[in-house]
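A closer look at the structure
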Amino acid sequence: MLENKKAIKDTYSSIETVKSIVSQAQNKEVMYDQTPARYALKSIMSGFLLAIVTVFMLAIKTQFSGALEGVVNLLGAISFSLALVIIVLTHSELLTSNFMYLTVGWYYKALRLNKVIAIFIVCFIFNIIGGIILFALMKFTHIMTPDMIKALTTTVDSKTIETTWYAILVKGIFCNFFINIGIYISLQFKDGLSKAFFIACGVIVLVFMGYEHVVFNAGLYAGMLFYNFDAVAWIDVLKNIVFAFIGNYIGGGIFVGLLYAYLNGHRDSLKI
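Residues numbered from 1 in each chain as written. Predicted model: local features only at pLDDT ≥ 70, side-chain atom pairs only at ≥ 80, totals over all residues. Heavy atoms only, no water.

**A short note on the overall build of the protein chain**
Scanning the protein chain from terminus to terminus reveals ten helices and zero strands. Element order for the protein chain, N to C, with α for helix and β for strand: α-α-α-α-α-α-α-α-α-α. Whereas a compact globule of 272 residues would reach a radius of gyration of roughly 19 Å, the protein chain reaches 19 Å, a difference of no more than 12%. The burial tally for the protein chain puts 48% of its 272 residues in the buried class. Long-range contacts, defined here as pairs at least 24 residues apart, represent 86% of the contacts in the protein chain between residues at least 6 apart. Carbon together with sulfur atoms contributes 68% to the accessible area of the protein chain, which is approximately 13,500 Å² in total. (Helix = DSSP H or I, 4+ residues; strand = E, 2+ residues; numbered from the N terminus. Rg over C-alpha atoms; globule rule 2.2 N^0.38 Å. Buried < 20%, exposed > 50% of the residue type's maximum accessible area, 1.4 Å probe, protein only. Contact = heavy atoms within 4.5 Å. Areas by Shrake-Rupley, 256 points an atom, 1.4 Å probe, with all protein chains shown as cover.)

As structure tokens, then:
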């Protein structure tokens, strides 16, 4: 028999990807600590991009209404994937991808837990501000048509009033699992086209299936602030944000970040 000379470290099949994630998590901490205004601007940009592409998706769905529903939903999902591709490739700060990055950084003791939580909170706040800025600017235009406002309202109702906390939680898990598994795979490629393809694949699945993305949802609620405030059940909005947040963390931070951190070494093993 052929002698097996492999060691445990040889099973760490994506250790370079994990090292890259830890390095980026450290960069996020440095930026958060030393240039907080830059970190805030990067977070605002992510929320702004998500919101502006959300409007694009609403336009596609309303202008193609009457076509096959599945085809329209697929077109909307493909269009929305543009947002995540741009966010990742411009190194903007998005809460849901930070769930993976910072959890891996915490696992390898590159960041303290209190710092991880603080960055999550600040990133989310400024993601929301980005969406508010977009819709505040758009309010004084005719970009949002009555049909788009109706579609926005219907979408918000389905995510708040017409669902349960458990459904939101599970859909949140699935949502951020697909986002972060796509990002994790994309990190193993150097060329932009390959990165964009795998990021887009995860996003298309989550949008087509109607999973719950807490920052995307917050952008929808920002739109309702300006276009149909009275139609919003704000207690149900809070329910959605809380359980989508928790579900997104489980899906991206635990099911992807913590899992692949563990699969590529113990907590004291990483040297960058």
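That shown, we press on.
**Details of helix α6 (residues 146-159)**
Taking 1.5 Å as the rise per residue, α6 with 14 residues should run 20 Å; its terminal C-alpha atoms sit 20 Å apart, in good agreement. The set of residues buried in α6 consists of Met148, Ile149, Leu152, Thr153, Val156, Asp157 and Lys159. Looking at the buried positions of α6, the neighbouring elements they touch are α2 (36-63), α7 (165-186), α9 (214-227) and α10 (234-263). (Expected span 1.5 Å × (residues − 1).)

**Describing the packing of α2 against α6**
Packing of α2 against α6 leaves a shortest axis separation of 9 Å and a crossing angle of 110°. By the angle between their axes, α2 is roughly perpendicular relative to α6. Here Val55, Leu58, Ala59 and Thr62 of α2 come into contact with α6, specifically with Asp147, Met148, Ala151 and Leu152. (Axes fitted to C-alpha atoms, helices over the stretch in contact; angles between N-to-C directions. Parallel < 35°, antiparallel > 145°, perpendicular 65-115°, else oblique.)

**Points about the environment of Ile119**
Checked against the element boundaries, Ile119 lands in helix α5 (residues 113-138). In the structure, Ile119 is positioned 83 residues away from Pro36 in sequence and 10 Å away in space, judged by C-alpha atoms. Beyond its immediate sequence surroundings of up to four residues, Ile119 is in contact with Glu29, Tyr32, Tyr39, Leu102 and Leu111.

**Some points on the nonpolar core**
Counting residues in hydrophobic clusters, the biggest one holds 75 residues, and the most contacted among them are Phe80, Leu84 and Met144. Excluding residues within four positions of it along the chain, Met144 makes contact with Val55, Leu58, Met138, Ile149, Leu152 and Tyr227. (Core = buried A, V, L, I, M, F, W, Y, C linked by side-chain atoms within 4.5 Å.)

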